[in-house]
Structures are given as C-alpha cells and as structure tokens.
Amino acid sequence: MNNPQLDTDGRLRHLLSIEGLPKKILNQILDTAESFVGVAEREVKKVPLLRGKTVCNLFFENSTRTRTTFEIAAKRLSADVISLNVGTSSQSKGETILDTVDNLIAMHADMFVVRHSQSGAAHFIAKHVPDHIHVINAGDGRHSHPTQGLLDLFTIRKYKPELHNLRVAIVGDVLHSRVARSEIHALTTLGVPEVRVIAPKTLLPAQVEKLGVHVFHDIKAGLKDVDVVMMLRLQNERMNGAMLPSAQEYFKTYGLTQEKLSLAKPDAIVLHPGPMNRGVEIDSSVADGAQSVILPQVTYGIAIRMAVMAILSGGQPSASQGSTSQGTGS
Amino acid sequence: MNTPTHIPNAEVLLKTLAEKLEPLLRENTALVGIHSGGVWLMQKLLDLLAPTIAEKGIEHGTLDVSFYRDDYAQRGLKSENRPSQIPFEVHNKHIILIDDVFYTGRTTRAAMNELFDYGRPASITLVALINRGGRELPIAPQIVAADIPLDATQNLQLVQNADNSLSLQLINNKAQT
C-alpha cells in the first residue's frame, strides 16, 4: 500500500499521521520549526512563503485552541485564512463532507486543515483532492493529531537535545488519546531508548506493550528517574461508561503532584497538551511550577505548524520532473 | 570538455577581500553572513580583522534566506535550513552583507527582504568573494575579491574543508535544458 502522505519523490504531500513518516521527514519538520521560532521573536513576525495562498480551516468538531494556532501559523506565513466551523453550517443542512470540500476548492483553497470527530476524516479528504492541494490532519477521532505529537517532540528536543539518553513517561488516558500512539512511534523513531506508559488498566489500549513501551500501573514506580513527563488530558467528553471511580480518586492515584514529580530526575520537564484539568490529572503547583514547559509547548506549536505548512506548500507536484530553477511557465 | 579557467585559491582571495573590507568598518556597522558560504567567510573575516572589529564594536549575525527565496513555489523548502540569527538592532545600522559567489542577485534580494523584517537599516553594502557574472536583477556587489565570468552551465561553489580551510570548486553541468 502506498503512503498517501508522501508523493512519488518521497516528499511530504499531506500530513495525516506521524506513523509512516520516515525519520528524515520528522527531522526536516523539527529543524524547519527551529528556524520559525526565531521569526516569532522579530519585529515583523511574518515571512512571505504562502503569499497568495488560501488556507482553509475545516473544523467539523470544535477546538478553539487548535484552530487559533493554525490560524496564527498560516497568517505568519502570509497566507489568507478562512476558518469554517462546519458543524454549525453546511453539515447541518445536509451537505456531505466532499461537497463542502469541492465548493472550497472551487473558491481556490490551496490547503485544508481538517478536524473531525471521526477517525480517518482527513485521509478521506486527502484521497479526494487534486494534486496541488494539501491536507493537514488537526485531529481525527481517537486516531491521530500529528502536529500535537510533533510539537511535543520539538519541545522535548529543545530542552533535552540528547534524545538517545532519555527516559520518557506518558501518563494518563492513553486509550482515548489522539497523540499517545503517534508520540510513542515518533519517540522511538528518533532514537529515544525508553518510553513508559503509566495508566490504570482501563485507560490503556489492548496490547499496548506491542508498541515497544514499558507499562506501569503504579505512577511512583513509573516516574522513577525519568527525564520527561508527558501528561495526557483526562478525556471526560470521550469517556462513556464507568472506567474510573471519580475525578478525585483519579487525582489521588494518577494526578501529578510535586511529591510524585520529585521521584523523576531533578531536572525533568513536564508537558501537557492542554486544555488542562487542574486538580484531576495535574496539580496547579506542578502546572505552574519551574519544571513545567506547558506554555512553551503552545509557542512551539505555532512554529511546528508553520514548518508543516511551509514544507507542504512549496514545490510543484512531482509531475514536473527534472525541474530547473526557471519554473515551467505554465 | 570545457576545462575550467584558472580557479583561484579561496584563502588568498579572502585576504584581498579583508583588505578591501577594512575601510568600510566604521562605528554602527554590522556584518551579516548569508548561509552557508557567506557565514564561513564572515567567520574568517572576523578573525582576520579582529583588531578593527573590536575597536569599532562591529557586531555580526547570520541569515538563512530560505523563507524569502523567489523559487519556493517551484522548488519548495530545502530539507536543511538554519535559523537566522541577528542578535543586534537592525534599525539605523550600516549592514554589510557577505556572500560567497555573486550570481543572479536573487539571494541578495531575499536577504534584503529578510533584513527589513528586522528593522530599517541605515544602509546595506554587499560584499562577495567572487562575482561570476549573470545577474538578473539590478543588484551588484560593491566589493569583490575577483571577477570570474562563467557560463550558465557552470557552477562555482565555496567549500569548507575538514581542516576548516575554504576552497573553490567548479562544476560543469552539461545537460541543462
């Protein structure tokens, strides 16, 4: 089966999931993001790469923060941005997803950022669009949220550049998390030797060990000597049935407090994808503490999204073989 | 077979360049190397001209113009790019841009566009090790160490060797359409 994310020359064409991305492309995205971090610190926080392009945020499911960061990223690349909350417009009138997409293509959209509660929605759109149009998955069901995974990786690399020496613990609701699985893949691909998951049995997918992680049900044992603690959000809105006794009970057992964090290495960093449930999966003193890199994650998230859009948008579809610097004049 | 005309020694040219550059180093001036060759040259120039640089308080930075190139739509981003680093106030500064081989002028245009996103410089001067001819824009270097006119099928590159010395390499691309 061919990888719909890459074109025939192996260049990134869509970003749908971290799985299936070669190490080379992961590093290209992270390195390019490094250059975009500096852009945000300048007088003029814009570069002209996507001038004249239209980026369309297609949000079939609400997520203000993700939408905002994609909007800022596209604007800092000089693109024009349209954000549609499709759930509240055409869909409610009965239009199909592909009709919505086709209409936007007819309006000359160049890139779609897709958020949907159904797994595979972004893949579905990517298969449908013509060659010159690019699709970025901004979260689909429980499946994937690649830019979140990439920004976490970027943040880890920024604070702990020696990936080959790291011990990373992922704590919490792995079962419902969009990012945990992608993250495990990416960390392993980039050479992190030890990835742990820490969660109650009810919040772990079946056969999680097969991903090459060490499984802990006791957070105290799991956090011992780790360099990076990645907290996951307790996905209340995705939870159906009684998987957990109560939020208070969860906090007692799995909530990250200073006391539990002290078992990790003294210079360990704490990540959280947001929005946080303070007092459920993380204590405020940790979230706002010296080891927290939760706000830098947000800043780096913009740089990562800029990098992905810049890599996708440049260059002509691989039909133009043997291109010279002069363009094709078409 | 089109054998290259005499390719000079880059280190010798560098000394010429340093001599020509020195009178331009006055107060309120900063050197900016363009990745990658321009940055290598700048580092050498910082050593060669160290006393003047210290005396006049000359600052320096680097630019990677990937985000400003005019061939992005055709070629996309290079897989390698580095952060630009301009650790000084550009506003009202005399900027000396340093590039290795001056050709079409498109890199210089990109570099100027990027610089202006940091602030409004008092002036920009372009310094290149070699002018190989073939400019496509109304831009030319004020200072060069040598003029070596080359054919469009030829490609002259500055190379950094393992011992940190610089040398020039001429590549002949025959099959070009």
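Residues numbered from 1 in each chain as written. Chains lettered and ligands numbered in written order. Predicted model: local features only at pLDDT ≥ 70, side-chain atom pairs only at ≥ 80, totals over all residues.

Engineer: Describe the overall build of chain A, with residues and values.
Structural biologist: Summing up its helical and strand segments, chain A has 11 helices and nine strands in all. In terms of overall size, chain A behaves like a compact globule, its C-alpha atoms giving a radius of gyration of 20 Å where 330 residues would be expected to give roughly 20 Å. Residues classed as buried in chain A amount to 44% of the 330 residues present. (Helix = DSSP H or I, 4+ residues; strand = E, 2+ residues; numbered from the N terminus. Rg over C-alpha atoms; globule rule 2.2 N^0.38 Å. Buried ≥ 20, exposed ≤ 12 C-beta atoms within 10 Å, placed from the backbone.)

Engineer: Requested: an account of the confidence of the model for chain A, with residues and values cited.
Structural biologist: Per-residue confidence for chain A gives a mean pLDDT of 89, with 91% of residues at or over 70. Per-residue pLDDT stays below 50 along residues 319–330 of chain A; that stretch engages in seven contacts with residues further than four places along the chain or on separate chains. (pLDDT = per-residue confidence, 0-100. Contact = placed C-beta atoms within 7 Å.)

Engineer: Now, about the domain arrangement of chain A: what can you tell me, with residues and values included?
Structural biologist: All names here are of chain A. Each domain of chain A was delimited in the assignment, giving domain 1 (23–145 + 299–313) and domain 2 (146–297). The straight-line distance from the C-alpha centre of domain 1 to that of domain 2 is 26 Å. Residue-level contacts link 19 residues of domain 1 with 23 residues of domain 2. Sorting the residues of the side of domain 1 that touches domain 2 by element identifies α1 (23–39), β4 (134–140) and α11 (294–313) as the ones contributing at least two each. Broken down by element, the residue count for the side of domain 1 that touches domain 2 peaks at six residues, all from α11. Grouping the constituent residues of the side of domain 1 that touches domain 2 by class yields eight nonpolar, seven polar and four charged. (Domains from an automatic or database assignment. Nonpolar A, V, L, I, M, F, W, Y, C, P; charged D, E, K, R; others polar.)

Engineer: So, the interface of chain B and chain A: which residues are in play, and what are the values?
Structural biologist: Facing 21 residues of chain B, the contacting portion of chain A comprises 22 residues. Taken together, the residues that form the side of chain B that touches chain A break down as seven nonpolar, eight polar and six charged.

Engineer: Describe the packing of helix α1 (residues 10–21) of chain B against helix α2 (residues 37–48) of chain B, listing the residues and the values that go with them.
Structural biologist: Residues and elements named next belong to chain B. Following both chains from N to C, one finds α1 and α2 inclined at 65°, their axes separated by 10 Å at the closest point. Between α1 and α2 lies a crossing of right-handed hand. Residues Leu14, Ala18 and Leu21 of α1 pack against Leu41, Lys44, Leu45 and Leu48 of α2. Partitioned by chemical class, the residues of the contact of α1 with α2 number six nonpolar, no polar and one charged. (Axes fitted to C-alpha atoms, helices over the stretch in contact; angles between N-to-C directions. Left-handed = near helix turned anticlockwise from the far one by under 90°.)

Engineer: Can you lay out the sheet that holds strand β3 (residues 111–116) of chain A for me, pointing to particular residues and giving the numbers?
Structural biologist: Residues and elements named next belong to chain A. Strand order in the open sheet formed by four strands is β2-β1-β3-β4, and the pairing between neighbours is parallel. The open sheet has two edge strands with one neighbour each: β2 (80–85) and β4. Taken pair by pair, the neighbouring strands of this sheet meet at an average axis angle of 15°, ignoring direction. (Pairing = 2+ DSSP bridges.)

Engineer: Pulling in residues and values, what's your account of the pairing of strand β6 (residues 194–198) of chain A?
Structural biologist: Residues and elements named next belong to chain A. Within β6, four of the five residues are buried, which leaves the element mostly enclosed by the surrounding structure. Where strand β5 (residues 167–171) and β6 come together, five bridges link them in parallel fashion. By the bridge assignment for β6, alanine 169 is matched with arginine 196. Handedness of the crossover is the feature at issue here: the chain leaves β5, passes through helix α6 (residues 180–189), returns alongside β6, and the resulting connection is right-handed. Strand direction decides the pairing type here: β6 and strand β7 (residues 214–216), joined by three bridges, are parallel. Bridge pairing links valine 197 to valine 215 in β7. (Right-handed = clockwise from strand over helix to strand, strands pointing away.)

Engineer: Explain the confidence of the model for chain B residue by residue, including any values.
Structural biologist: For chain B, the average pLDDT comes to 93, and 95% of its residues sit at 70 or higher. Under the prediction, the complex receives an ipTM of 0.87, its pTM being 0.90.

Engineer: Outline the packing of α1(A) against α11(A), listing residues and values.
Structural biologist: All names here are of chain A. It is at 8 Å that the axes of α1 and α11 come closest, and there the two elements cross at 120°. What the angle tells us is that α1 and α11 run oblique. In the crossing of α1 with α11, the sense of the turn from one axis to the other is right-handed. Residues Gln28, Ile29, Thr32, Ala33, Phe36 and Val37 of α1 form the contact with α11, whose participating residues are Tyr300, Ala303, Ile304, Met306, Ala307, Val308, Ala310 and Ile311. For the contact of α1 with α11, the class distribution of residues is 12 nonpolar, two polar and no charged. (Parallel < 35°, antiparallel > 145°, perpendicular 65-115°, else oblique.)

Engineer: I'd love a proper account of the environment of B:Lys93, names of residues and values included.
Structural biologist: Residues and elements named next belong to chain B. Looking at the secondary structure, you find lysine 93 in the loop between α4 (72–75) and β3 (94–102). In this structure, the C-alpha to C-alpha distance between lysine 93 and threonine 29, residues 64 residues apart in sequence, is 5.8 Å. Setting aside residues up to four positions removed in sequence, lysine 93 forms contacts with Asn28, Ala30, Phe88, Pro121 and Ala122.

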